[in-house]
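Descriptive analysis of the structure
These are the residues of each chain, in order.
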Amino acid sequence: MNINVADADNRVIINVGGIRHETYKATLKKIPATRLSRLTEALANYDPVLNEYFFDRHPGVFAQILNYYRSGKLHYPTDVCGPLFEEELEFWGLDSNQVEPCCWMTYTQHRDTQDVLAILDRLDLDTDKPTEEDIMKKFGLEEEYKAGELNCWQRIQPKIWALFDEPYSSTAAKIIAVISVFFITISILSFCLKTHPEMRVPVLMNTTETMTDGTVAWRLTKKETEPHEAFFYIECASNAWFTFEIIIRFVVAPSKLEFMKAPVNIIDVVATLSFYLDFMLTKLKRESDMLEFFSIIRIMRLCKLTRHSAGLKILIHTFKASAKELILLIFFLVLGIVIFAALIYYAERIQYNPDNDFESIPKGLWWAIVTMTTVGYGDMAPKTYVGMFVGALCALAGVLTIALPVPVIVSNFALFYSHTQARSKLPKKRRRVLPVEAPRPKGPKAQGQQGGPGAQNRRMNAIKHNHPGALDAKMNRLDSQGGGGTALTGLLVAPNAQVALNSSSSPTPVGFDTNVDNIGEKVALSGLPGSCSTDGAVIEPLVTTVPSSLSGSPTTPVSASHISDQRSHPSTPPGITSSPTAPTKNSLVIVNT
């Protein structure tokens, strides 16, 4: 019996989210400086009636945490999200870096997802109409907007900015976006079509020549060709719109510095300036082929379409996210090109080869690039058997080198695209959840309320139905702690029971209310005589009195065996009276402490 009591004292019951876990106290001491290693009965989480600690946390994660205390290995449950697992580990005082290697990749997937979501937030891929409050946040005028203290310019500036930079903010913004895309398309088509021979006009020159017989003749010669005059007017109209757009967007931009640092805006400004510079040099008849070459930057205006296409933004940032893989690909390609260029140069010189195309290693570099990228122009080819063998190795190495990083780039694009599609289907407004916990009730309350007598009765009935041996365990604990003669200082009295000590001269009791929450040790005596209920439904108030011969000592011991005898006899033993009414003369009420 003493062994069972000692074993029960060494165990602890932890109720997490309604699921009870039982383990040894020594198990929780294996990992010091954690919440479970510092459990004491003085904590607010401790329930002295049920003899358990209650935590309103995730029960599934706690099962793995308790297993960590038992086995020393922390595994990640696959049925919970990573941030939730981290929050639970932080609450219990554990380090998330202690997750086992077998679960590490699965556990850290949420971190990659959070990085992707952060990038998507910066890309601003939302196609929903932004609210005025969202637009004011970009300008830092949220407080002034709520207070109604905006001046005229502060009201107009965000609206104009939304017209040119937020295509989905209004119908007028969509019209301006369509006009911008139209001029971009017309400008690119004009730049390409004016180089077509059928779209160019010949420049004729009238020359005078003197014939051999002394006669004079006039001859028209085609000096050069130039684009049709219509292309010039098209470019003038397009660049006039681009100039107007750049000036307006710069004036109403929330941050002028950020506007000038944007790559798309830099391309737009340079392309527009190149048109005006080309126009001035043409009028001054100082055309420059170098300047005409740099006008190719106008093609880069296609990048402006990224402001209106979420797919292009995703593609660009896919390459940014795959920068390490692309650098690794280029490194291996350069390494293979140099090696196979040297091999093919010496391989073609081993045998007699009068048609050797590889006169030097630099020429071999061109062949290696074409072969490793599987293009194969055919302008250079090995003629010897050794050179053919080197060429076969070069082609195989190129296929493997290019094929290895491609799945990583494809997976990154699929990851970005899938999250973009998921975000577009999520509701923009979520229900607000208040992070406020209900305070723990103190003191007696009305019947049926939390913490009142109804709640205490339900807890006591839970002990009677679910823990039938709780009384004997408590009695044995008290008996083992104080020896065979250790006394109970009282019996359990239900909440709000009247406890009185009567004087010898007056039957009027002097009473006080007891609160079960403030009692340290509780013993459920369901078999006591009196008005106690025997069906377990309600524990009614019970007052037990002691004869006047015992009233001289308020702490007169009552042995556990004596109480056991009371439980076994339904009638009231001689010398002790039990009544739900006020005690009689010279009687002392014994209250459990």
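The model shown is predicted, which means the values in this text are computed figures rather than measured ones.

This brings us to the overall build of the chain. Across its full length, the chain holds 22 helices and 10 strands. Per-residue burial for the chain yields a buried fraction of 33% across its 593 residues. Sequence-distant contacts in the chain: of pairs separated by 6 or more residues, those separated by 24 or more amount to 64%. Total accessible area computed for the chain in this model is approximately 36,400 Å², and 61% of it derives from carbon and sulfur atoms.

To continue, consider the pattern of salt bridges. Applying the stated criterion across every chain, the model contains 15 salt bridges. Here Glu-22 makes a salt bridge to Arg-11, at a shortest N to O gap of 3.5 Å. With Glu-22 in strand E2 (residues 19–24) and Arg-11 in strand E1 (residues 11–16), the pair connects residues that are 11 residues apart, well separated along the chain. Judged by relative accessible area, which is 42%, Glu-22 ranks as partly exposed.

Quick look at the UniProt feature "transmembrane region" (unreviewed entry) in the chain now. When the UniProt feature table is mapped to this numbering, "transmembrane region" (unreviewed entry) covers residues 175–193, 326–347 and 385–418. With 94% helix and 0% strand, residues 385–418 has end C-alpha atoms that lie 50 Å from one another.

Turning our eyes to something else, we now look at the pairing of E1. By the criterion of burial, E1 is predominantly enclosed, with five of the six residues buried. Inspection of the sheet shows E1 paired to E2 by six bridges, in the antiparallel sense. Note that in E2 the partner of Val-12 across the bridge is Thr-23. For E1 and strand E4 (residues 52–55), the ladder comprises three bridges, and the chain directions are parallel. From the neighbouring strand, Val-16 faces E4, where its bridge partner is Phe-55.

We now examine the sheet that holds E2. Taking strand neighbours across the sheet as the criterion, the four strands line up as E2-E1-E4-E3 in an open arrangement whose pairing is mixed. Bordering the open sheet on either side are E2 and strand E3 (46–47), each of which pairs with just one other strand.

Take the packing of helix H16 (residues 323–347) against helix H17 (residues 361–372) next. Look at H16 against H17: their axes get within 8 Å of each other, and the N-to-C directions meet at 125°. For the element pair H16 / H17, the angle class is oblique. The crossing of H16 and H17 is right-handed. Only Ile-361, Gly-364, Leu-365, Trp-367, Ala-368, Ile-369 and Met-372 of H17 make contact with H16, whose side of the interface consists of Leu-333, Gly-336, Ile-337, Val-338, Phe-340, Ala-341, Ala-342, Ile-344, Tyr-345 and Tyr-346.

So, about the environment of Leu-329. One can find Leu-329 in helix H16. Under the relative-accessibility criterion, Leu-329 is labelled buried at 15%. In this structure, Leu-329 is in contact with Thr-401, Ile-402 and Pro-405, ignoring residues within four places of it in sequence.

Moving on to H16. A rise of 1.5 Å per residue sets the reference length of H16, with its 25 residues, at 36 Å; its end C-alpha atoms lie 36 Å apart and thus fit the reference within 8%. Listed in full, the buried residues belonging to H16 are Leu-329, Leu-333, Gly-336, Ile-337, Phe-340, Ala-341, Ile-344, Tyr-345 and Ala-347. In the core, the buried residues of H16 are packed alongside H17 and helix H18 (385–403).

So, about the side chain of Gln-157. For Gln-157, the position within the fold is in helix H9 (residues 152–165). Setting aside its immediate chain neighbours within four residues, Gln-157 contacts Phe-139, Val-251, Val-252 and Ala-253.

Looking now at the packing of aromatic side chains. Within this structure, the stated rule accounts for 24 aromatic pairs. Between the aromatic rings of Tyr-76 and Phe-85, the centroid separation amounts to 5.1 Å while the plane-to-plane angle is 80°, which identifies the pairing as edge-to-face. The same class applies to Tyr-76 and to Phe-85, which are both buried. An aromatic cluster of at least three residues, connected via ring pairs, comprises Phe-164, Phe-182, Phe-183, Trp-241 and Phe-244. Lying over the aromatic face of Phe-91, Arg-35 brings its terminal NZ or CZ to 3.9 Å of the ring centre.

Before going further, it helps to spend a moment on the pairing of strand E6 (residues 216–227). In regular strands, side chains alternate between the two faces of the sheet. Taken together, the 11 bridges between strand E5 (residues 200–210) and E6 define a ladder with antiparallel strand orientation. Across the sheet, residue Leu-204 finds its bridge partner in E6, namely Lys-222. Counted between consecutive antiparallel strands, the loop separating E5 from E6 contains five residues, among which Gly-214 sits at a positive phi close to 90°.

In this section: the nonpolar core. The nonpolar side chains of a soluble globular protein tend to be buried with one another. Residues Ile-14, Leu-28, Leu-36, Phe-85, Trp-92 and Leu-94 are the most contacted members of the largest nonpolar core, which totals 26 residues. Secondary structure elements with two or more residues in this core: E1, E4, helix H3 (59–71), helix H4 (82–92) and helix H5 (101–107). Looking at this core, the element that brings in the most residues is H3, giving six residues. Counting residues in hydrophobic clusters, the runner-up holds 14 residues, among them Leu-329, Ile-344, Phe-358 and Met-380.

The terminal C-alpha atoms of helix H11 (residues 229–251) lie 34 Å apart, and with 23 residues this matches the ideal 33 Å at 1.5 Å per residue to within 8%. Buried within H11 are the following residues: Phe-231, Glu-235, Ser-238, Asn-239, Trp-241, Phe-242, Glu-245, Ile-246 and Arg-249. Structurally, H11 contributes buried residues whose contacts are with H9, helix H10 (171–193), E6, helix H12 (256–261) and helix H13 (263–283).

Attention shifts here to a nonpolar patch on the surface. A surface patch of nonpolar side chains, about 530 Å² in accessible area, is lined by Trp-153, Ile-156, Ile-247, Phe-250, Val-251 and Met-260. Only H9 and H11 provide two or more residues apiece to the nonpolar patch. When residues in the nonpolar patch are grouped by element, the largest group, three residues, is from H11. Judged by its relative accessible area of 41%, Val-251 falls in the partly exposed class.

Rules and cut-offs
- Residues numbered from 1 in each chain as written.
- Predicted model: local features only at pLDDT ≥ 70, side-chain atom pairs only at ≥ 80, totals over all residues.
- Heavy atoms only, no water.
- Helix = DSSP H or I, 4+ residues; strand = E, 2+ residues; numbered from the N terminus.
- Buried < 20%, exposed > 50% of the residue type's maximum accessible area, 1.4 Å probe, protein only.
- Contact = heavy atoms within 4.5 Å.
- Areas by Shrake-Rupley, 256 points an atom, 1.4 Å probe, with all protein chains shown as cover.
- Salt bridge = Lys/Arg side-chain N within 4 Å of Asp/Glu carboxyl O.
- UniProt positions renumbered as here; feature names shortened; annotations may be inferred.
- Pairing = 2+ DSSP bridges.
- Axes fitted to C-alpha atoms, helices over the stretch in contact; angles between N-to-C directions.
- Parallel < 35°, antiparallel > 145°, perpendicular 65-115°, else oblique.
- Left-handed = near helix turned anticlockwise from the far one by under 90°.
- Expected span 1.5 Å × (residues − 1).
- Phe/Tyr/Trp six-rings, centres within 6.5 Å; stacked < 30°, edge-to-face > 60°.
- Lys NZ or Arg CZ within 6 Å of the ring centre and 35° of its normal.
- Core = buried A, V, L, I, M, F, W, Y, C linked by side-chain atoms within 4.5 Å.
- Patch = residues over 30% accessible without salt bridge, like charges linked within 9 Å, V, L, I, M, F, W, Y side chains within 5 Å.

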